[in-house]
Amino acid sequence: MRFERIRKEYPNGVVACESISFEIQPGTVHAIIGENGAGKSTLMKVLYGMEQPSSGQILFDGQAVTIPSPQSAIDHGIGMVHQAFMTVGTFTITQNITLGAEPQRRGFVDSRRAVAEVDELARRFQLDIDPLARAQDVSVGMLQRAEILKALYRGARILILDEPTAVLTPQETIELFRALRGFAASGRTVIFISHKLREVLEIADEITVMRGGHLVGQTTPEATDEVALAGLMVGRSIAIADRHPAAAAGEVALEVAGLSCLNDLERPACTEVDLEVRAGEIVGIVGVEGNGQTELVEVIAGLRAPTGGEIHLHGDVITQASVRSRRAAGLHHIPEDRMKNGVALPESIEDNLIVDRYTGSTVRRHGLLSPKRIGRFAEELISRFGVRAADSKVPAGSLSGGNIQKLIVARELGDQPLVLLASQPTRGVDIGAMEFIYAELREARDAGCAVLLVSADLGEALTLSDRIAVIRNGRVVARFDDVAAVTEEDLGRHMLGAAESKEPA
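So, a few notes on the structure that sits alongside this text.

Another point: the packing of aromatic side chains. All chains considered together, the criterion is met by four aromatic pairs. Ring geometry for F125 and F183: centres 5.2 Å apart, planes at 70°, overall edge-to-face. Pair noted here: F125 is in the loop between α4 (111–124) and α5 (140–153) and F183 is in helix α6 (residues 170–185), with a separation of 58 residues, a long-range link. Summarising the burial analysis for this pair, F125 and F183 share the class buried. Note that K8 overlies the ring of Y10, its terminal NZ or CZ placed 5.0 Å from the centroid. We note K406 situated over the ring of F436; from NZ or CZ to the ring centre the distance is 5.2 Å.

Encoded structure:
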């Protein structure tokens, strides 16, 4: 398969891809990397029929093909596994995999045959699933495998994977990579999109690097390393993150005692969680997605009601306090879902930055909101936090994902918080934005902020955290005070329940 001079220009004049030409060999894992806004997602949307190129063509076996829709892509043997899983929670794994392509018998869905076909496919590609389990009851790793099987069930010969390891444990990642190598060995092609350069170097046969809508380099793992790839992506020398432990922690700033809560299905999400975060330290929380970490942060932030326990902020009980009063007391929050809870997408950058400051003197004059002061305040934060935007009045929704994340970080760290809840602060952002956010979190910590970090990226948790706790089934099952002595594999075993608890007695 070959991209031949692909160009994509949007009606607003933005050119996302400019004259992209390269070939992807069958039977290989081909990684495509680049910063947010580099054009790689647009290029994959063109391949999958979600976007149409302004010019250029896609060639299969030397013949130009037209792919006007995702269904056309599927008909051409192209499958795409998105970062956000497309599953129906109440359906079984088999029902999710075969949805819309179910085998028929006498005009009705042949459920027994569907299970048999899915089971055979899973065995052939060594993708461990439970065909009869409901999607809402299985691990994130199994949902990932089900999404891949959904594409394979429809005959995919080219498999596009967008950040496939974002929520997987190291053990699940190993299993996924084994399966991907099996796909390639069977003659299939895997297109692997990831910001995790170490994983790219481990799994890829070839690597294509994009920057600013252009192809800027192609290489192989044998001919490069993380530092060189990072520099090629961002166009400058960039430091791969190292640990920088806190100098010394102060008094307890945030204390959670016996905290319990329910999830959206009214089932227990957290059970009697005890946790302390001191001023001037970062405490990391890790766990397989769906084990209560999301709900825990929401309860502390005031977005979800607790069913038991207490929350203390610098000694004061805030368990029943409003979100506004928590923020006024110095508790800030970088939410997990930036699009849903982080920003108001249709509103301007200015409005998003003053959403909790509109009563303050910084943006008011003579008791009234001052457009000039608001604009000046917004431009200062845009400049300080490196948000790439035409001006402060454009809608937040016009920014790339990485810049939306920077916008949220700017709002939450623009004035020094006492306690920061940072939930998946770099999910889906490129290495340049990641480097920046790491630096901002450490700067806040070193200025005395107590940071509670929740991350699905174990490398990130180990790099940033001064202490780490592992959560499983809503309970803290392990704590590590000496983070330097812990590996990703150690954390993964506790996350999966394959290691004995290290919870203090």
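Right, let's talk about the side chain of E281 for a bit. Looking at where E281 falls in the secondary structure, it is placed in the loop between β14 (268–278) and β15 (282–286). Judged by its relative accessible area of 5%, E281 falls in the buried class. For E281, the side chain forms a polar contact with the main-chain nitrogen of R278, separated by 2.7 Å. Here the side chain of E281 touches R467 through a polar contact of 2.7 Å, side chain to side chain.

Summed over the entire model, instances satisfying the criterion amount to 24 salt bridges. Between R7 and E9 there is a salt bridge, and its shortest N-O distance comes to 2.8 Å. Note on E9: relative accessible area 33%, which makes it partly exposed. The salt bridge involving R124 is made with E120; its shortest N-O contact spans 3.2 Å. Residue R124 and its partner E120 are both found in helix α4; the two are separated by four residues, about one turn of the helix. With a relative accessible area of 47%, R124 lands in the partly exposed category. Taken together, the shared-partner salt bridges in this structure form one network comprising R327, D356, R411 and E412.

What counts, and at which threshold
Residues numbered from 1 in each chain as written. Predicted model: local features only at pLDDT ≥ 70, side-chain atom pairs only at ≥ 80, totals over all residues. Heavy atoms only, no water. Phe/Tyr/Trp six-rings, centres within 6.5 Å; stacked < 30°, edge-to-face > 60°. Helix = DSSP H or I, 4+ residues; strand = E, 2+ residues; numbered from the N terminus. Buried < 20%, exposed > 50% of the residue type's maximum accessible area, 1.4 Å probe, protein only. Lys NZ or Arg CZ within 6 Å of the ring centre and 35° of its normal. Polar contact = N/O pair within 3.5 Å; in protein donor to acceptor, adjacent residues only side chain to side chain. Salt bridge = Lys/Arg side-chain N within 4 Å of Asp/Glu carboxyl O.

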